[in-house]
Amino acid sequence: MRRIILLLAIIALTVLVASGVALAVTKIGGPGPDHLKGTNGADNLIGQGGNDTLLALAGNDDLIGGPGKDVVVVGKSCCEESDFSGGNKNLLGGLGNDAVVGGKGSDNVLGSEGNDLVSDGPNREFSTDKLSAGGGTDVVGVFKDPAFKDIVTCAGGFDRVFADKKDLVAPDCEKVADTPSELAQLANSIPESFFESLPPGF
């Protein structure tokens, strides 16, 4: 009887894998740089130390970068429109200067300490995201075309927010732009040193 149950379990697992249904994973990095990629299930990706890259696919996932300059992205890469994935995510950059980018679902995106680039993801998205810059000098992008409601808080430091007219932006965000002319002026005000402090490619 035990052999029959085991055989049935193996058959069921084989059918599941063959059908393309992804099994959720928990991946934990080490003290150095890690490249962790999720599945279409509900995954947990934790970078820990080093400059890590965490990529979430579909599913409701939790991603934590940890110390270092981390890239935390909802998608197979960043940041073309076709790269982004769906699912509702919790994303945390952690200590260090991080790039934290949401996707096509309703995401909670947090930069935490450090000078972070925090974005809700693609410009054409119809879900409400909650973004928090955290401490440090941060750049937050929640602009959508067409406009759609997102929620932004900033905390300590000097923060710049690229928004649209439907966004709710907390008063602790120092510079907020939501018109074409303001967006252009705000972009020009970002010092080159900010981008140089981010992970390569941002």
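Above this text is the structure in question.
Throughout what follows, the structure given in this document is the object of discussion. Once a new chain begins, its residue numbering starts again from 1 and follows that chain's sequence as written. In keeping with the predicted nature of the model, local features appear solely for residues at pLDDT of at least 70, side-chain atom pairs appear and are counted solely at 80 or more, and the whole-chain, interface and lining totals rest on all residues. The side-chain numbers reported here are obtained from all heavy atoms of the structure, hydrogens and water having been left aside.

**Some details on the overall build of the chain**
Piece 1. The secondary structure listing takes helices from DSSP runs of H or I that are at least 4 residues long and strands from runs of E that are at least 2 residues long, numbered from the N terminus. Check the secondary structure of the chain and you find three helices and 16 strands.
Piece 2. Relative accessible area decides the class of each residue, using a 1.4 Å probe on protein chains only: under 20% of the type maximum gives buried, over 50% gives exposed, and in between gives partly exposed. The 202 residues of the chain split such that 42% are buried.
Piece 3. In what follows, a contact means two residues having at least one pair of non-hydrogen atoms within 4.5 Å. At a minimum sequence separation of 6, the contacts of the chain that also span at least 24 residues come to 21%.
Piece 4. All accessibility values rest on the Shrake-Rupley procedure with a 1.4 Å probe; residue burial counts only the protein chains present in the view. By element, 60% of the accessible surface of the chain is carried by carbon and sulfur atoms, the whole surface being about 9900 Å².

**Looking at the sheet that holds strand E1 (residues 26–28)**
Piece 1. The strand order E1-E3-E5-E7-E9-E11-E13-E15 describes an open sheet built from eight strands, whose pairing is parallel. At either end of the open sheet lies a strand with only one pairing partner, and these are E1 and strand E15 (168–169).
Piece 2. Sheet analysis places strand E7 (residues 90–92) next to strand E9 (residues 108–110), joined by three bridges and oriented parallel. For Leu92, the partnering residue across the bridge sits in E9 and is Leu110. Here a strand pair is declared whenever DSSP counts at least two bridges between the two strands.

**Observations concerning the state of the cysteines**
Piece 1. Cysteine sulfur atoms are paired as a disulfide whenever they fall within 2.5 Å. One pass over the structure, following the stated rule, counts two disulfides.
Piece 2. A disulfide bridge connects Cys78 with Cys79, and the sulfur atoms are separated by 1.2 Å. The disulfide joining Cys78 to Cys79 has a torsion of about 50° about its S-S bond and is therefore right-handed.
Piece 3. Here Cys78 falls in the partly exposed class, since its relative accessible area comes to 30%.
Piece 4. Accessibility expressed as a relative area gives 40% for Cys79, which makes it partly exposed.

**As for unusual backbone geometry**
Piece 1. Cis geometry marks the peptide bond from Cys78 to Cys79; its omega dihedral reads 15°.
Piece 2. For Cys79, the position within the fold is in the loop between strand E6 (71–74) and E7.
Piece 3. Of the consecutive residues Asp145 and Pro146, the connecting peptide bond is found in the cis state with omega at 5°.
Piece 4. Examined against the element boundaries, Pro146 turns out to sit in the loop between strand E12 (138–141) and strand E13 (151–153).
Piece 5. Unusually for a residue other than glycine, Ser112 sits at a positive phi of about 75°.

**Some thoughts on the pairing of strand E4 (residues 53–56)**
Piece 1. Bridge count between strand E2 (residues 35–37) and E4: three bridges; the pairing is parallel. When the bridges of E4 are listed, Lys37 appears paired with Leu55.
Piece 2. As judged from the four bridges shared by E4 and E6, these two strands associate in the parallel manner. When the sheet's bridge partners are listed, Leu55 is paired in E6 with Val73.

**Observations regarding the sheet that holds E6**
Piece 1. One open sheet accounts for eight strands, arranged E2-E4-E6-E8-E10-E12-E14-E16; its pairing is parallel. In this open sheet, the two edge strands, each paired with only one partner strand, are E2 and strand E16 (175–177). Strand-to-strand twist in this sheet, taken as the mean axis angle between neighbours without regard to direction, amounts to 10°. Axis angles are defined between N-to-C directions and span 0 to 180 degrees, where every axis is a line fitted to C-alpha atoms and, for a helix, only to the segment in contact.

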